[in-house]
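Structural features, examined
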Amino acid sequence: MIRLFNIDRATQTTPRGRADGEDGLGHPEHSPTSPLSIHDLTVAYHRKPVVWDVDLEIPEGKLVGLIGPNGAGKSTLIKACLELAPKASGLIQVYGQPYRKQRSLVGYVPQRESVDWDFPVSALDVVAMGGYHRLGWFRPVNKRCRSEAMQVLERVGLADYAGRQISQLSGGQQQRIFLARALAQNAKLYLMDEPFAAVDAGTERAIVELLHDLKSRGKTCLVVHHDLATVAEYFDWVVLLNMRVVDAGPTRAVFHQENLRKTYGGKLTVLSAAAEAVQHAGEWLVRVAGNAWFFAGASPGA
Ligand SMILES: Nc1ncnc2c1ncn2[C@@H]1O[C@H](COP(=O)(O)OP(=O)(O)OP(=O)(O)O)[C@@H](O)[C@H]1O
Ligand SMILES: [Mg+2]
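Here the structure is a predicted model, which is why all the values come from computation and not from measurement.

1. Here we look at helix α7 (residues 201-216)
- Relative to the 22 Å expected for 16 residues at 1.5 Å per residue, α7 spans 23 Å between its end C-alpha atoms, a close match to the ideal helical length.
- The complete set of buried residues in α7 reads T203, E204, I207, V208, L210, L211 and L214. Seen along its axis, α7 keeps its buried residues to an arc of 155°; they face one direction. Structural note: α7 exposes A201, E209 and S216 on the side pointing more than 90 degrees away from its buried face.
- Where α7 is buried, its residues contact β3 (63-67), α5 (143-155), α6 (171-185), β6 (189-192), β7 (220-224) and α8 (228-234).

What follows is the structure, encoded as structure tokens:
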């Protein structure tokens, strides 16, 4: 199987206890209707845990933001769901089954840095690969698949770049190619690692529209996102992660100043007067001092 992104298998260890799906019955606590159900998950690289004791039930048909500082384990958590990162313990199920039985239901948009952009494939090839699950890995990409891939490229505004080698695309175009690839897969659950990184305002709007379109078709999206100012506007649900899950739930209930403090620790200063406005109305301001980011945007209640 051709992979364009890194697989961290070098340090993979055997899961503690029963492996998920070993008996085909799944874990009693797993909800068969949840698109993504995670219990007691710990992920370790070189025996050092980087994601601890994660318990999550992602609800169906929601846009879910995965929020946390650099190094919090967001990409690792997503990769563990895709069996691309070493699970030290715990159980993960996709619609009540292990991922390997449900691959075709899961679309993945990798973080840009984890993609081998020198891989000698065109934009159209990358998108057409999204349809492989439906086509079967050992069948050549047929005409229908290519024409479907072309339609998706048009949807993300990149039809003119179909024949271009992926290294010769801009950062924002590369991002959209991988979104198009996930869309071509026609999955039910989308795991997107920073789809908004390196895109301009117009592309960001286009991606938001795509997310809403997916939601209107009952799809579930778990999206890694860094811009705290747009979290409340974009997501119905949030997971706040800093090696452990700080909190998870509906955005209105979970995305508040205290939880942001717990998630970002000393790196985050929420300007208190403005943070009040998060709860009530109007504008709010958040400063992430460590990264010198400064956000201004709408409040969750706006
Ligand atoms: N392949 C690897 N081998 C060893 N350590 C790794 C590996 N990949 C990630 N890590 C470490 O695991 C931790 C979590 O990394 P991860 O990439 O999941 O963070 P993240 O939340 O996605 O960060 P960012 O916002 O910067 O993308 C970090 O300390 C990182 O250095
Ligand atoms: Mg990451």
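So much for the structure itself; the text now carries on.
2. Thoughts on the pattern of salt bridges
- In this structure the tally under the stated criterion is seven salt bridges.
- The shortest N-O distance in the salt bridge between D213 and R155 comes to 2.6 Å. Placement of the pair is D213 in helix α7 and R155 in helix α5, with a sequence separation of 58 residues.
- You can call D213 partly exposed: its relative accessible area is 25%.

3. Looking at the coordination of the magnesium ion (ligand 2)
- Note on the magnesium ion (ligand 2): its protein donors are S75 (OG) and Q111 (OE1). The metal-donor distances range over 2.0 to 2.2 Å. Remark: Q111 occurs in the loop between β5 (106-109) and α3 (123-129) and S75 occurs in helix α1 (residues 74-81); sequence separation between them is 36 residues.
- Of the residues examined, S75 reaches a relative accessible area of 19% and is grouped as buried.

4. Points about the site of ligand 1
- In the region of ligand 1, 15 residues are neighbours, and G71, G73, K74, S75 and T76 sit closest.
- Within the side chain of K74, an N or O atom sits 2.7 Å from an oxygen atom of ligand 1.
- S75 places a side-chain nitrogen or oxygen 2.8 Å from an oxygen atom of ligand 1.
- Considered class by class, the residues forming the shell around ligand 1 number four nonpolar, eight polar and three charged.

5. So, the pairing of strand β8 (residues 237-242)
- Burial analysis of β8 places five of its six residues in the buried class, the great majority of the element.
- Note: β8 against strand β9 (residues 244-250), six bridges, orientation antiparallel. By the bridge assignment for β9, N242 is matched with R244.
- Taken together, β8 and the strand that follows it, β9, pair antiparallel across an intervening segment of one residue, in which M243 is found at a positive phi of about 65°.

6. Overview of the side chain of E204
- By secondary structure assignment, the location of E204 is in helix α7.
- For the buried residue E204, which engages in no salt bridge, the nearest side chain bearing the opposite charge is R205, 6.4 Å off.
- Here E204 is in contact with F196, V199, T230 and Y234, once residues within four sequence places are set aside.

7. Description of the pairing of β7
- Counting buried positions along β7 yields five of five residues, so the element is predominantly enclosed.
- The two faces of β7 match: T220, L222 and V224 on one face and C221 and V223 on the other face are all buried.
- With four bridges connecting them, β3 and β7 associate as parallel partners. Bridged to L66 within β7 is V224.
- Bridge count for β6 against β7 is four bridges, and the pairing is parallel. Bridge pairing in β7 places Y190 opposite C221.

8. Some details on the confidence of the model for the chain
- Within the chain, residue pLDDT values average 80, and 74% of them lie at 70 or more.
- In the model, residues 270-302 has pLDDT below 50 throughout and makes 66 contacts with residues more than four positions away in sequence or in other chains.

9. Quick look at the nonpolar core
- Residues V127, I177, M192, F196 and C221 are the most contacted members of the largest nonpolar core, which totals 49 residues.
- The leading source of residues in this core is α6, at seven residues.
- Dropping the residues within four chain positions of it, F196 is found in contact with E204, I207, V208, L211, V223, H225 and Y234.
- Counting residues in hydrophobic clusters, the runner-up holds 31 residues, among them V64, L82, I92 and L191.

The rules behind each value
Residues numbered from 1 in each chain as written. Chains lettered and ligands numbered in written order. Predicted model: local features only at pLDDT ≥ 70, side-chain atom pairs only at ≥ 80, totals over all residues. Heavy atoms only, no water. Helix = DSSP H or I, 4+ residues; strand = E, 2+ residues; numbered from the N terminus. Expected span 1.5 Å × (residues − 1). Buried < 20%, exposed > 50% of the residue type's maximum accessible area, 1.4 Å probe, protein only. Arc of directions from axis to C-beta. Contact = heavy atoms within 4.5 Å. Salt bridge = Lys/Arg side-chain N within 4 Å of Asp/Glu carboxyl O. Donors = N, O, S within 2.8 Å, 3.2 Å for Na, K, Ca; no water. Near = heavy atom within 4 Å. Polar contact = N/O pair within 3.5 Å; in protein donor to acceptor, adjacent residues only side chain to side chain. Nonpolar A, V, L, I, M, F, W, Y, C, P; charged D, E, K, R; others polar. Pairing = 2+ DSSP bridges. Lys, Arg positive; Asp, Glu negative; His and termini not counted. pLDDT = per-residue confidence, 0-100. Core = buried A, V, L, I, M, F, W, Y, C linked by side-chain atoms within 4.5 Å.

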